[in-house]
Amino acid sequence: MDRHLHGRGPGPEFTLSFDSARKVVDRTGPPRARESFLSTDHLSTEAAAAYVDGRLPPSGQSRADAHLARCPHCRREVEDQREARRALRGSGPIQMPRELLERLRSLEDAPDPATRTGPDPVAGSEETHGWSRLLRRLWRRGN
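None of these values were measured; they are calculated from a predicted model.

A. Fine view of the overall build of the protein. When helices and strands are tallied, the protein shows six helices and zero strands. When the helices and strands of the protein are placed in sequence order, the string is α-α-α-α-α-α. A buried classification covers 13% of the 143 residues belonging to the protein. Considering only contacts in the protein between residues 6 or more positions apart, those separated by 24 or more positions represent 54%.

B. Fine view of the pattern of salt bridges. A full pass over the atoms with the stated rule returns four salt bridges. Note that Arg98 is salt-bridged to Glu102, the shortest N-O span being 3.8 Å. Of this pair, Arg98 and Glu102 both sit in helix 5 (residues 98–108), separated by four residues, roughly a single helical turn. The exposure class of Arg98 is exposed, given its relative accessible area of 64%. For Glu102, a relative accessible area of 47% puts it in the partly exposed group. In this structure, a network of salt bridges that share partners links the residues Glu79, Arg82 and Arg86.

C. Seen up close, the confidence of the model for the protein. Summary statistics for the protein give a mean pLDDT of 75 and a share of 64% for residues scoring 70 or more. Throughout residues 120–127 the model reports pLDDT below 50, and contacts reaching past four residues in sequence, or to other chains, amount to seven contacts.

D. Spotlight on the packing of helix 3 (residues 58–70) against helix 4 (residues 72–89). Running from amino to carboxyl end, helix 3 crosses helix 4 at an angle of 115°, the nearest separation of the two axes being 6 Å. In terms of axis orientation, helix 3 runs roughly perpendicular to helix 4. Viewed along their axes, helix 3 and helix 4 form a crossing whose handedness is left-handed. Along its contact with helix 3, which presents His67, Leu68, Ala69 and Arg70, the element helix 4 presents Pro72, Cys74, Arg75 and Val78.

E. Looking closely at helix 4. The end-to-end C-alpha distance of helix 4 is 26 Å, a good match for the 26 Å that 18 residues give at a rise of 1.5 Å each. Of the positions making up helix 4, those classed as buried are Cys74, Val78 and Gln81. With its buried residues spanning 55° around the axis, helix 4 presents them on a single face. Residues of helix 4 that are exposed and point more than 90 degrees away from the buried face comprise Arg76, Arg86 and Ala87. Against helix 2 (45–53) and helix 3 lie the buried residues of helix 4.

F. Layout of the UniProt feature "domain: Putative zinc-finger" (unreviewed entry) in the protein. The residues that UniProt annotates with the feature "domain: Putative zinc-finger" (unreviewed entry) are residues 46–75. Between the C-alpha atoms that bound residues 46–75 the distance is 14 Å, and the span itself is 83% helix and 0% strand.

G. Spotlight on the nonpolar core. Counting residues in each nonpolar core, the largest one holds ten residues, listed as Leu43, Ala47, Ala48, Tyr51, Val52, Ala64, Leu68, Cys71, Cys74 and Val78. Those elements giving two or more residues to this core turn out to be helix 2, helix 3 and helix 4. Sorting elements by how many residues they give to this core places helix 2 first, with four residues.

H. Molecular detail of a nonpolar patch on the surface. On the surface, Met96, Leu100, Leu134 and Leu138 cluster together to form a nonpolar patch covering roughly 290 Å² of accessible area. For Leu100, the location among the structural elements is in helix 5. Given a relative accessible area of 39%, Leu100 falls into the partly exposed group.

What counts, and at which threshold
- Residues numbered from 1 in each chain as written.
- Predicted model: local features only at pLDDT ≥ 70, side-chain atom pairs only at ≥ 80, totals over all residues.
- Heavy atoms only, no water.
- Helix = DSSP H or I, 4+ residues; strand = E, 2+ residues; numbered from the N terminus.
- Buried < 20%, exposed > 50% of the residue type's maximum accessible area, 1.4 Å probe, protein only.
- Contact = heavy atoms within 4.5 Å.
- Salt bridge = Lys/Arg side-chain N within 4 Å of Asp/Glu carboxyl O.
- pLDDT = per-residue confidence, 0-100.
- Axes fitted to C-alpha atoms, helices over the stretch in contact; angles between N-to-C directions.
- Parallel < 35°, antiparallel > 145°, perpendicular 65-115°, else oblique.
- Left-handed = near helix turned anticlockwise from the far one by under 90°.
- Expected span 1.5 Å × (residues − 1).
- Arc of directions from axis to C-beta.
- UniProt positions renumbered as here; feature names shortened; annotations may be inferred.
- Core = buried A, V, L, I, M, F, W, Y, C linked by side-chain atoms within 4.5 Å.
- Patch = residues over 30% accessible without salt bridge, like charges linked within 9 Å, V, L, I, M, F, W, Y side chains within 5 Å.
- Areas by Shrake-Rupley, 256 points an atom, 1.4 Å probe, with all protein chains shown as cover.

Laid out in structure tokens, this is it:
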């Protein structure tokens, strides 16, 4: 039985003459080698966001520019970050729920662990001190 009659064999084979093949190569050039990168060569999500925000240092900016010129994966990541930035900027002001604001204000009234003397009953007092400073800044902005 002939396999071609039942559609199970390989498809038709097309060939170009030498002259036709030469014309195609002259127009398109030789095939480019596919870029290969180490995982550490790619931009992280944080670096892509910093790139979009213009917050990379000059050396990081030039490295990112060079990498983005060759890496479609990272160009997509940067474009995704741009879209997210546009969406956030166009979403209007973000309102803090009143209950959360009141809870944060009540924490402001709590004594600052950095000024307390004696043993500290709160675990992670260094972290709490950092939070206290943040809460004080939020409180000043909210008033």
